[in-house]
Amino acid sequence: MWRRRDVVSARDFDRRDLEDLFETAKYMEKYAKSRVEFLKGRVMAVAFFEPSTRTRLSFETAMKRLGGEVVGFWGAEGTSVEKGETLADTVRMLDAYSDLIVIRHRYEGAAKLAAEVAENPVVNGGDGASNHPTQAMLDLYTIWREFGYIDGLNIGVVGDLRHARTVNSLLEALTNFNVKVFLISPEYLRPRTETVDYIRSRGLRHSFHTSLEEVLRELDVLYVVRIQKERFLDPLEYERVRGSYRISLDMLKNAKRHLAILHPLPRVDEIDHKVDSTPHAKYFKQAALGVPLRMALIYLILMGP
Amino acid sequence: MWRRRDVVSARDFDRRDLEDLFETAKYMEKYAKSRVEFLKGRVMAVAFFEPSTRTRLSFETAMKRLGGEVVGFWGAEGTSVEKGETLADTVRMLDAYSDLIVIRHRYEGAAKLAAEVAENPVVNGGDGASNHPTQAMLDLYTIWREFGYIDGLNIGVVGDLRHARTVNSLLEALTNFNVKVFLISPEYLRPRTETVDYIRSRGLRHSFHTSLEEVLRELDVLYVVRIQKERFLDPLEYERVRGSYRISLDMLKNAKRHLAILHPLPRVDEIDHKVDSTPHAKYFKQAALGVPLRMALIYLILMGP
Amino acid sequence: MWRRRDVVSARDFDRRDLEDLFETAKYMEKYAKSRVEFLKGRVMAVAFFEPSTRTRLSFETAMKRLGGEVVGFWGAEGTSVEKGETLADTVRMLDAYSDLIVIRHRYEGAAKLAAEVAENPVVNGGDGASNHPTQAMLDLYTIWREFGYIDGLNIGVVGDLRHARTVNSLLEALTNFNVKVFLISPEYLRPRTETVDYIRSRGLRHSFHTSLEEVLRELDVLYVVRIQKERFLDPLEYERVRGSYRISLDMLKNAKRHLAILHPLPRVDEIDHKVDSTPHAKYFKQAALGVPLRMALIYLILMGP
């Protein structure tokens, strides 16, 4: 049941929720480039305190394709937050004006706080370093659309698994499926303890690796996230790791023919642009599916059963 | 008569105008969360040269709930103003594109200039230190909705009464009603001479006070505005004043049971958050009424008699 | 044939294309202040990496008057570009979300690159120092509306002809008509060699002048662009040139009675504000025509034959 639900953490949604979402998103795909009047007269507020293009624009496009309206702001400057207003007061205002709030904030827990304050549903567009639930839903939807199922797949996740909120939400969401996860990163960039504890407690099969090359051939899906230089004490170490995780045509020689490469985007140079033209590259399709996925999400929250 | 009128100063509107507006706003309340096609095909331009969230978003939401469209900018950067364009030229452009302009500017008189240049109506979303007419309309509407009338009420206004444009417009608008106004502030933060002269000339009963405690028990309405540190020569004096004007649960012990506390928002710490849950707290309702009030305002200007 | 065409350079459009556009724009004028459902359900993405008010707002207003929706960003901050995303990846995203992309970028060739990457049409809202095709279309449309024809006119262009992208696109577009162009500027601010070579190769009659006064009396149209101080080595030289090219009432004594003065706007002080009230001043009308012209452009690209 989705109606009037907040979307704060991927942990709040079970397999049934996700499958309902995927079915609805698939149905929405045929409207993703047209317009329907489903949400005529509804207003969605976007409160993006932190930079974002893809998430904000896919939500806005989704709302408008559904016939709804959007108000809001992106970047805190020029807003009452600059004047020292609390997040709670800002949320109360948006809640009074709109039917649904999508919030992005650099502080962990911002979305949870907003959901507690607001009477209307709140959707987390990414907060802190650990939650980006709608991205995780999109990631799984892309896999589901690609393979027709998720159970049984070998899913590799490579890069900075510690500070990427998309990875954390993805792993939490994956605990609803029977998959094997390969966590590929330097030791000190492994997912945080609480995340590992959570997926372990939920019985998600997972293994840790430092070498991508070693496991690549076993993977059905490879999820790539950025590694940021500032995370490294030693710049040479950074160059080494970055080099060994950079996806190139050469590296893909040993991959399964149906290997699907995903990336939340934006990418910098984690994936060689030459890879874009291979059948492995699914990250642009993934980005495109953001609109129908979010159409389904908004629709289910505002109109769903 | 509202049709095609500019809204530059609260002084331009008499009791009849305001009562028409309130009746229309009350009618609009039932549409404030739905959508009507009243203004289908109309475009409102927002030119916010100065930060604002509440005013801009309530105007935009109001226009969209009425079925209209919005174009514009907030913050001057990224606009032709940066390239040295005069305000008059910018206004001429917006006037050519849209049916109505809402402008906020830090310079006093900007809205008046815009109204002179534009053929279409211009609404002042706040300019300089002395005009924010639509906020004053919202303030009075909140009182009118709360009590069912305005005449006969004792209305306290506390804080920096000199530099707050909302206070100036509120006092000007109040001269249309038979109320008693308690002006509570340090002597050097009293309303400016021209404002006091104006309300005196219009026969608005008013008295000056430095202590909130002394008069609180007599008040039906308490309108709170911020006091900014930079207005004080002596930081200790600032702390003292700020402390004595800060609305707390304790202070409200002596208040009338029906005392309504208003605040234009955003607030910083002028009102203790504990007060939010008391029946005195009307500032969130006040913010929420901003949408129907501005729906009524836009509707009357574009479609009214 | 306009359907699904990219608009990257003025060179891509012949006389027939422009005349079709003008006829459609004239038809759109009657809708420019109302709303039609022609493009209901279509979404236009605006990607303005560089400041602009007039171009962006006229495109947005045009799309909304046509019943379509707009998503996007202006100013790169707060976008994924800040995170190091390539222009190509940003364009792929916008292409996946929307039906049409309008891009402005300070780098020459940005629009061409975007057009190559995107499956949907891309419109150049100005890139680099040499292309602003839709402004040129608007300039010619204004002349066409003013005189009823373009052939046979004497058209003067004065100011910095070297760095103004509007001038370059205007000259390229003018090669489709039988006009005489007077290029008035200091020698080192003449149009760039490739532009001069192009118009020469296309047989556009043109002559170079340093004095506006000398040729003013012969002109039917005077197109004015800014001269920026930073282009001059010698500030005194700048003052002299600026003074001699500044359009004043006095200077217009010798002008033809029907002389039409155009300016892409924003202007700083190239045209004395006293000139605004003369029948020569067509630059505000020119700005206003930006909406119907862009309505026609968007309509033809998305729905045209």
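Remember, predicted model here, so these are calculated numbers, not experimental data.

**Student:** Any chance you could explain the packing of aromatic side chains here in plain terms?
**Tutor:** Aromatic ring pairs are reported here in terms of the distance separating the ring centres and the angle at which the planes meet. Within this structure, the stated rule accounts for 39 aromatic pairs over all chains. With a centroid separation of 5.6 Å and an interplanar angle of 35 degrees, the aromatic rings of Phe22(A) and Tyr141(A) are classed as tilted. Remark: Tyr141(A) occurs in helix H5 (residues 133-147) and Phe22(A) occurs in helix H1 (residues 15-28); sequence separation between them is 119 residues. In this structure, Phe22(A) and Tyr141(A) share a single accessibility class: buried. Taking the centre distance of 5.5 Å and the plane angle of 40 degrees together, the rings of Phe22(B) and Trp144(B) count as tilted. Of the two residues, Phe22(B) sits in helix H1 (residues 15-28) while Trp144(B) sits in helix H5 (residues 133-147), which places them 122 residues apart along the sequence. Look at Phe22(B) and you get buried, because its relative accessible area is 0%. Note on Trp144(B): relative accessible area 15%, which makes it buried. Pairwise contacts between aromatic rings join Tyr27(A), Tyr31(A), Phe38(A) and Tyr299(A) into one cluster. Directly above the ring of Tyr198(C) sits Arg11(C), whose terminal nitrogen or CZ lies 3.9 Å from the centroid.

**Student:** Got a minute to help me understand the nonpolar core in this structure?
**Tutor:** A general feature of soluble globular proteins is that nonpolar side chains tend to end up buried together. Within the largest apolar cluster, 261 residues are counted, with the highest numbers of intra-cluster contacts made by Leu140(A), Ile298(A), Leu140(B), Ile298(B), Leu140(C) and Ile298(C). Here Leu140(B) is in contact with Leu18(B), Phe22(B), Ile150(B), Leu170(B), Ala173(B), Leu174(B) and Phe177(B), once residues within four sequence places are set aside.

**Student:** Help me understand the relation of the copies chain A and chain B, please; the structure alone is not making it clear to me.
**Tutor:** Each of the two copies of the chain can be brought onto the other by a rotation about an axis and a shift along it. Placing chain A over chain B gives an RMSD of 0.0 Å and needs a rotation angle of 120 degrees, together with 0.0 Å of translation along the axis. On the angle and the small slide along the axis, the relation comes out as a three-fold axis. The position closest to the rotation axis in chain A is occupied by the C-alpha of Glu69(A), lying 5.5 Å away.

**Student:** Is there a simple way to explain the relation of the copies chain A and chain C in this structure?
**Tutor:** Taken as rigid bodies, chain A and chain C are interconverted by a rotation of 120 degrees and an axial shift of 0.0 Å, the fit giving an RMSD of 0.0 Å. A share of only 7% of the interface residues of chain A reappears at the interface of chain C, consistent with the copies meeting through non-equivalent patches.

**Student:** Would you explain the pairing of strand E4 (residues 122-127) of chain C in this entry?
**Tutor:** The two faces of the sheet receive side chains in turn, since in a regular strand these alternate between them. Residues and elements named next belong to chain C. Here E4 lies mainly inside the structure; 6 of its 6 residues are buried. As paired strands, strand E3 (residues 100-105) and E4 are joined by 4 bridges and run parallel to one another. Pairing of Ile 103 across the sheet is with Asn 124, part of E4.

**Student:** What am I meant to see in helix H11 (residues 290-303) of chain C here?
**Tutor:** Since the α-helix packs 3.6 residues into each turn, any two residues three or four apart lie on the same face. In a regular helix each residue adds 1.5 Å, so 14 residues correspond to 20 Å; H11(C) covers 19 Å between its end C-alpha atoms and thus fits that length. Within H11(C), 12 of the 14 residues are buried, leaving the element largely enclosed by the surrounding structure.

**Student:** Mind showing me how you'd approach the sheet that holds strand E3 (residues 100-105) of chain A here?
**Tutor:** Residues and elements named next belong to chain A. Across the sheet, which stays open at both edges, the 4 strands sit in the order E2-E1-E3-E4 with parallel pairing between neighbours. In this open sheet, the two strands that pair with only one neighbour each are strand E2 (69-74) and strand E4 (122-127). Averaged over all neighbouring strand pairs, the angle between strand axes comes to 10 degrees, with direction disregarded. Across the face of the sheet, helix H11 (residues 290-303) comes into contact with strand E1 (43-48), E3 and E4 while running at roughly 130 degrees to E3.

**Student:** I keep staring at the UniProt feature "binding site: L-aspartate" (unreviewed entry) in chain A and nothing clicks. Help me out?
**Tutor:** All names here are of chain A. Cross-referencing UniProt, the feature "binding site: L-aspartate" (unreviewed entry) maps to Lys 83, Arg 165 and Arg 226 in the present numbering. What stands out for the annotated residues spanning 144 residues is how far apart their C-alpha atoms range, the widest pair being 34.2 Å apart. Among the secondary structure elements, Arg 165 is positioned in helix H6 (residues 165-174). Of the residues examined, Arg 165 reaches a relative accessible area of 12% and is grouped as buried. Look past the residues within four positions of Arg 165 in its chain and what remains in contact with it is Glu 50, Arg 104, His 105, Gly 126, Asp 127, Gly 128, Ala 129, Ser 130, Asn 131 and His 132. Mapping Arg 226 onto the fold places it in the loop between strand E8 (221-224) and helix H9 (235-245).

**Student:** I would appreciate a short explanation of the interface of chain A and chain C in the present structure.
**Tutor:** Many analyses report the size of an interface as the accessible area lost when the parts associate. On the chain C side, the residues contacting the 28 residues of chain A number 29 residues. Of the roughly 2500 Å² buried between chain A and chain C, counting both surfaces, carbon and sulfur atoms make up 53%. For the pair chain A and chain C, the interface holds 4 salt bridges. Linking Arg54(A) and Glu85(C) is a salt bridge whose minimum nitrogen-to-oxygen distance equals 2.0 Å. Here chain A and chain C share 8 residue pairs in polar contact (both at pLDDT 80 or more) between them. Broken down by secondary-structure element, the contributors of at least two residues to the side of chain A that touches chain C are helix H2 (54-65), E2 and helix H10 (283-288) of chain A. Element by element, the count of residues in the side of chain A that touches chain C is highest for H2(A), at 8 residues. For the side of chain A that touches chain C, a count of residues per class yields 9 nonpolar, 6 polar and 13 charged.

**Student:** In this structure, what is going on with the domain arrangement of chain A? I would like to understand it.
**Tutor:** Residues and elements named next belong to chain A. Here the domain parsing of chain A yields domain 1 (10-131 + 289-303) and domain 2 (133-287). Inter-centroid distance (C-alpha atoms) of domain 1 to domain 2 is 25 Å. Facing the 33 residues of domain 1 at the interface are 31 residues of domain 2. Taking both sides of the interface into account, the surface hidden between domain 1 and domain 2 amounts to around 2800 Å²; carbon and sulfur atoms contribute 57%. Our enumeration of links across domain 1 and domain 2 arrives at 5 salt bridges.

**Student:** I tried to follow empty space enclosed by the protein on my own but got confused; where do I start?
**Tutor:** Empty pockets left among the atoms are what a rolling probe the size of a water molecule brings to light. Considering all chains together, one arrives at 8 cavities of 30 Å³ or more under this definition. For the largest cavity, the calculated volume is near 290 Å³. Lining the largest cavity are 22 residues, with Trp74(A), Lys64(B), Trp74(B), Lys64(C) and Trp74(C) positioned closest to its centre. If you list the elements that add at least two residues to the lining of the largest cavity, you get H2 and E2 of chain A, helix H2 (54-65) and strand E2 (69-74) of chain B together with helix H2 (54-65) and strand E2 (69-74) of chain C. A breakdown of the residues in the lining of the largest cavity according to their chemical character gives 11 nonpolar, 3 polar and 8 charged.

**Student:** Just to check I follow, could you spell out the interface of chain A and chain B for this structure?
**Tutor:** Between chain A and chain B, the contact holds 29 residues from the first and 28 residues from the second. Overall, the association of chain A and chain B removes approximately 2400 Å² of surface from exposure, summing both partners, and the carbon and sulfur fraction of that is 53%. One salt bridge in this structure joins Arg65(B) and Asp99(A), with 3.2 Å as the shortest N-O distance. In this structure, the connection of chain A to chain B is made through 8 residue pairs in polar contact (both at pLDDT 80 or more).

**Student:** Sorry, what's going on with the sheet that holds strand E7 (residues 205-209) of chain B here?
**Tutor:** Consider a sheet: its strands pair through backbone hydrogen bonds, and that pairing is either parallel or antiparallel. All names here are of chain B. Taken together, 5 strands build an open sheet; the order of strands is E7-E6-E5-E8-E9 and the sheet is parallel. Two strands in the sheet have a free side with no partner beyond their single neighbour: E7 and strand E9 (260-262). Across the sheet, the axes of successive neighbouring strands diverge by a mean angle of 20 degrees, strand direction being ignored. Where strand E6 (residues 180-184) and E7 come together, 5 bridges link them in parallel fashion. Across the sheet, Leu 183 pairs through a bridge with Phe 208, a residue of E7.

The rules behind the values
Residues numbered from 1 in each chain as written. Chains lettered and ligands numbered in written order. Predicted model: local features only at pLDDT ≥ 70, side-chain atom pairs only at ≥ 80, totals over all residues. Heavy atoms only, no water. Phe/Tyr/Trp six-rings, centres within 6.5 Å; stacked < 30°, edge-to-face > 60°. Helix = DSSP H or I, 4+ residues; strand = E, 2+ residues; numbered from the N terminus. Buried < 20%, exposed > 50% of the residue type's maximum accessible area, 1.4 Å probe, protein only. Lys NZ or Arg CZ within 6 Å of the ring centre and 35° of its normal. Core = buried A, V, L, I, M, F, W, Y, C linked by side-chain atoms within 4.5 Å. Contact = heavy atoms within 4.5 Å. Least-squares fit on C-alpha atoms with pLDDT ≥ 70 in both. Pairing = 2+ DSSP bridges. Expected span 1.5 Å × (residues − 1). Axes fitted to C-alpha atoms, helices over the stretch in contact; angles between N-to-C directions. UniProt positions renumbered as here; feature names shortened; annotations may be inferred. Buried area = accessible area lost by both parts, 1.4 Å probe. Salt bridge = Lys/Arg side-chain N within 4 Å of Asp/Glu carboxyl O. Polar contact = N/O pair within 3.5 Å; in protein donor to acceptor, adjacent residues only side chain to side chain. Nonpolar A, V, L, I, M, F, W, Y, C, P; charged D, E, K, R; others polar. Domains from an automatic or database assignment. 1 Å grid on protein atoms, 1.4 Å probe; cavity = no way out; pocket = protein on both sides within 12 Å on 5 of 7 lines; lining within 4 Å. Points joined across faces, edges and corners; volume = space filled by probe spheres on them.

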